[in-house]
Structures are given as C-alpha cells and as structure tokens.
Amino acid sequence: MSDRIIESLTNPTVKAVRALHMKKSREETGRFLSEGLKFVGEALDLGFSPRILMVGRDARPHPLLERAMAETRNAGGEVIRVTHDILAKVSRKENPQAVVAVFEQRFADLEALKPETAPCWVALEDVRDPGNLGAIIRTADAAGCGAVILVGDCTDPFSVEAVRATMGSVFAVPLVRCTREAFLAWLQTWPGISVGARLDGAVHYRQAAYQAPTLVVMGNEAQGLSPEAAAACELGVKIPMRGRADSLNLAVATGIMIYAVTDTLES
Ligand SMILES: C[S@@+](CC[C@H](N)C(=O)[O-])C[C@H]1O[C@@H](n2cnc3c(N)ncnc32)[C@H](O)[C@@H]1O
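Note that the coordinates shown come from a computational prediction; the quantities given were computed from them, not determined experimentally.

Visitor: Quick question: what am I supposed to make of the overall build of the chain here?
Guide: Within the chain one finds ten helices and twelve strands. Taken against the 2.2 N^0.38 rule, which gives 18 Å for 267 residues, the C-alpha radius of gyration of the chain at 20 Å falls within 12% of a compact globule. Referenced to the eigenvectors of the C-alpha coordinate spread, the extents of the chain come out at roughly 60 × 35 × 30 Å. Per-residue burial for the chain yields a buried fraction of 51% across its 267 residues. Of the roughly 12,800 Å² of accessible surface on the chain, 49% is carried by carbon and sulfur atoms. Both charge centroids of the chain, one from 29 positive and one from 32 negative side chains, sit 5 Å from each other.

As structure tokens, then:
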C-alpha cells in the first residue's frame, strides 16, 4: 500500500490523532501520541512500531526517518505525509516536530513482574502530575529499575505531557497499573525489602539496609503515602529537610531514593 497524503485539517484521521490529547480517546483506542523522531527511534529499538507515522512534507531526509517509515509499513502501520498545519494541529503547537507517531499503549501485569531481574523497583501512589510521572519514568530507566507500578488513582502515563517528560523512556520501562488493594496483596509476596519514603520515616535514606530487590514506595504529591501503604512497607525512610521547605518535589525525592538504592546495591 502506498503512503497516504493528507492536506485537509478536517480529515477524520487528523481529528482522531489530535483527539489522543484527551484521556477518553486514549482509553477508547488504547493508543497514544508521541512527537519527534527521537521518540520513534527509541520505540523502534525497543520493539514498538508506530500504528500511524505522520511525516511533514518538508521533513529533511534522515536515515532514521527512512528506517521509521520502512518499519512502520512492514509492521502494517500507516505512513502519512502531511502539511505543517496538520502537524501543528495534531501536536497543538505552533512549531511542531516534523514527525508525530501513534503507538499502542502497553501495560505489564503486576503478577508477571520478576523481582529478581532488577535491583530496584518503584511504586507510586496516586501520582497526579504528568510531568512528575514522566520524569520518574525517565529516572527509573536511567537507573535500571525493573518497573514503575502505578497504584490507585494515578495520572495517565500515556498522556502527551507525561510521554514528553519521559524523553522516550516510556518505551523502556515496564509500566503496571493496579488498585491499592491489589498492590497491598501483591506486596505480601514481595521477596525483597519494601521501603516507604515519608517525611516521618524513622531511618535516614542513606543508612537503610537496602537489599536486592528493593521496592521504593512513594506517596502522592499532596497527601503523602497512605497509612495502609506506609504500614505495609518494611521500612520508612526520610530524606533530611534542612531548610524551610517542608518536603521535596515527588520526582526529585524519587530520583534521590532510586539512586540511593542502586548506588548502595552496586557498591
Ligand atoms: C511532595 S511529597 C508529599 C508531601 C506531603 N505533604 C506529606 O505529608 O507527605 C510527595 C512524596 O515525596 C516523597 N518525599 C518528599 N520529600 C521527602 C522527604 N524529605 N523524605 C522522604 N520522602 C519524601 C514522599 O514519598 C512523599 O509522599
């Protein structure tokens, strides 16, 4: 099948791709949107190929673009040549990237995780800010964490804002979603140590007896850890607050915790 060309801003495919900015449409289709060739390169390396690859008519030739178009076609996806105005419309940006891609969402099952395969795992309770979630997924990827587990009422990891903040790590880190009840039941079977990060933690985050695998459990931006999750963790650790700020940003605190665990276990 030859590539399609779309020039009309009211084309149904253009509307459907733009609609992926909305949660309802992502839930209905199981798809999500990413912008830029770098994301597509990460995705292809990790076995995701676009269902739709929109390429600006003025996109400069690039070997990665050639590869992306070939792999999209080979995997049964659609390559569509579009105008700058269409890219701006689907990206909701005046200066869009030359490539916009639509992928299938993937979630892993809690029960399918293999704790022995990574030293550090991350669980987030009710994380609300997509920028925080994207930054945490990126940090979990950088540090070699096994998965990011989204517990309870979390923001969508496949929203455009969260995906952007992952800088491509959304394809690299397994993501799990579950209810608090399912998480607490699964935590009973966790073979390593579970560590809740909390302002009233009894142990300094650098002095905790981390063991592989360590599960780091982080609380919601406003409420902190729920009493149930805090009680279910073997250890409660705190990062010292030496100035006037009463807490750290969730993504910053998670980054500090992840590297404290992975550096300790590596040394
Ligand atoms: C912005 S804080 C939540 C603050 C909230 N008012 C509370 O009472 O916990 C979000 C999450 O980041 C982690 N966090 C932030 N600062 C921390 C610190 N100094 N020590 C340990 N964890 C911290 C905790 O997991 C917390 O639930």
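Visitor: Which parts of the structure should I look at to understand the packing of helix H3 (residues 37-45) against helix H4 (residues 63-74)?
Guide: The axes of two packed helices give the description: the angle between them and the distance between them. Between H3 and H4, the shortest axis-to-axis distance is 10 Å and the interhelical angle comes to 55°. Relative to H4, the element H3 lies oblique. Crossing handedness for the pair H3 and H4: left-handed. On H4, the residues touching Leu37, Val40, Gly41, Leu44 and Asp45 of H3 are Leu64, Leu65, Arg67, Ala68 and Glu71.

Visitor: Would you take a moment to explain the domain arrangement of the chain for this structure?
Guide: Quoted interface sizes are often the accessible area lost when the parts come together. Its domain assignment divides the chain into domain 1 (4-104) and domain 2 (110-266). Look at where the C-alpha atoms of domain 1 and domain 2 centre, and you get two points 31 Å apart. Facing 17 residues of domain 1, the contacting portion of domain 2 comprises twelve residues. Broken down residue by residue, the surface that domain 1 buries against domain 2 is led by Arg26, Phe32 and Phe39, which jointly contribute 43%. Counting across the domain 1 and domain 2 interface gives two salt bridges. Asp156 is the partner of Arg26 in a salt bridge, and the nearest nitrogen-oxygen pair spans 2.6 Å. Here the residues of the side of domain 1 that touches domain 2 sort into eight nonpolar, three polar and six charged.

Visitor: What exactly am I supposed to notice about the packing of aromatic side chains here?
Guide: Remark: the centre distance and the inter-plane angle together describe each pair of aromatic rings, the angle taken between the planes. With the rule as written, the count across this model stands at nine aromatic pairs. Seen in terms of ring centroids, Phe183 and Trp186 are 6.0 Å apart; in terms of plane orientation they differ by 35°. Their pairing is tilted. Taken together, the residues Phe183 and Trp186, both in helix H8 (residues 180-187) and three residues apart, mark about one turn of the helix. With a relative accessible area of 7%, Trp186 lands in the buried category. Here the aromatic residues Phe32, Phe48, Phe103, Phe107, Phe158 and Phe171 are joined through ring pairs into a cluster of three or more. Arg106 extends its terminal NZ or CZ atom over the ring of Phe48, reaching a point 3.7 Å from the ring centre. Arg177 extends its terminal NZ or CZ atom over the ring of Phe107, reaching a point 3.8 Å from the ring centre.

Visitor: Sorry if this is basic, but what is going on with the nonpolar core here?
Guide: Across soluble globular proteins, you tend to see nonpolar side chains buried next to one another. Counting 54 residues, the largest nonpolar core has Leu53, Leu124, Val148, Tyr210 and Met257 as its most contacted members. For this core, the element with the highest residue contribution is helix H10 (residues 250-266), accounting for seven residues. Each of domain 1 (4-104) and domain 2 (110-266) accounts for three or more of the residues forming this core. Once residues lying within four places of it in the same chain are set aside, the contact partners of Met257 are Val195, Ala197, Tyr205, Tyr210, Val216, Met218, Val237 and Ile239.

Visitor: How should the site of the ligand be read in this particular structure?
Guide: Taken together, 18 residues sit near the ligand, with Ala197, Gly219, Ile239, Met241 and Leu248 positioned nearest. Within the backbone of Ala197, an N or O atom sits 2.7 Å from an oxygen atom of the ligand. The contact in question runs from an oxygen atom of the ligand to an N or O atom on the backbone of Gly219, over 3.0 Å. Here the residues of the shell around the ligand sort into eleven nonpolar, four polar and three charged.

Quick notes on the rules
Residues numbered from 1 in each chain as written. Predicted model: local features only at pLDDT ≥ 70, side-chain atom pairs only at ≥ 80, totals over all residues. Heavy atoms only, no water. Helix = DSSP H or I, 4+ residues; strand = E, 2+ residues; numbered from the N terminus. Rg over C-alpha atoms; globule rule 2.2 N^0.38 Å. Buried < 20%, exposed > 50% of the residue type's maximum accessible area, 1.4 Å probe, protein only. Areas by Shrake-Rupley, 256 points an atom, 1.4 Å probe, with all protein chains shown as cover. Lys, Arg positive; Asp, Glu negative; His and termini not counted. Charge placed at Lys NZ, Arg CZ, Asp CG, Glu CD. Axes fitted to C-alpha atoms, helices over the stretch in contact; angles between N-to-C directions. Parallel < 35°, antiparallel > 145°, perpendicular 65-115°, else oblique. Left-handed = near helix turned anticlockwise from the far one by under 90°. Contact = heavy atoms within 4.5 Å. Domains from an automatic or database assignment. Buried area = accessible area lost by both parts, 1.4 Å probe. Salt bridge = Lys/Arg side-chain N within 4 Å of Asp/Glu carboxyl O. Nonpolar A, V, L, I, M, F, W, Y, C, P; charged D, E, K, R; others polar. Phe/Tyr/Trp six-rings, centres within 6.5 Å; stacked < 30°, edge-to-face > 60°. Lys NZ or Arg CZ within 6 Å of the ring centre and 35° of its normal. Core = buried A, V, L, I, M, F, W, Y, C linked by side-chain atoms within 4.5 Å. Near = heavy atom within 4 Å. Polar contact = N/O pair within 3.5 Å; in protein donor to acceptor, adjacent residues only side chain to side chain.

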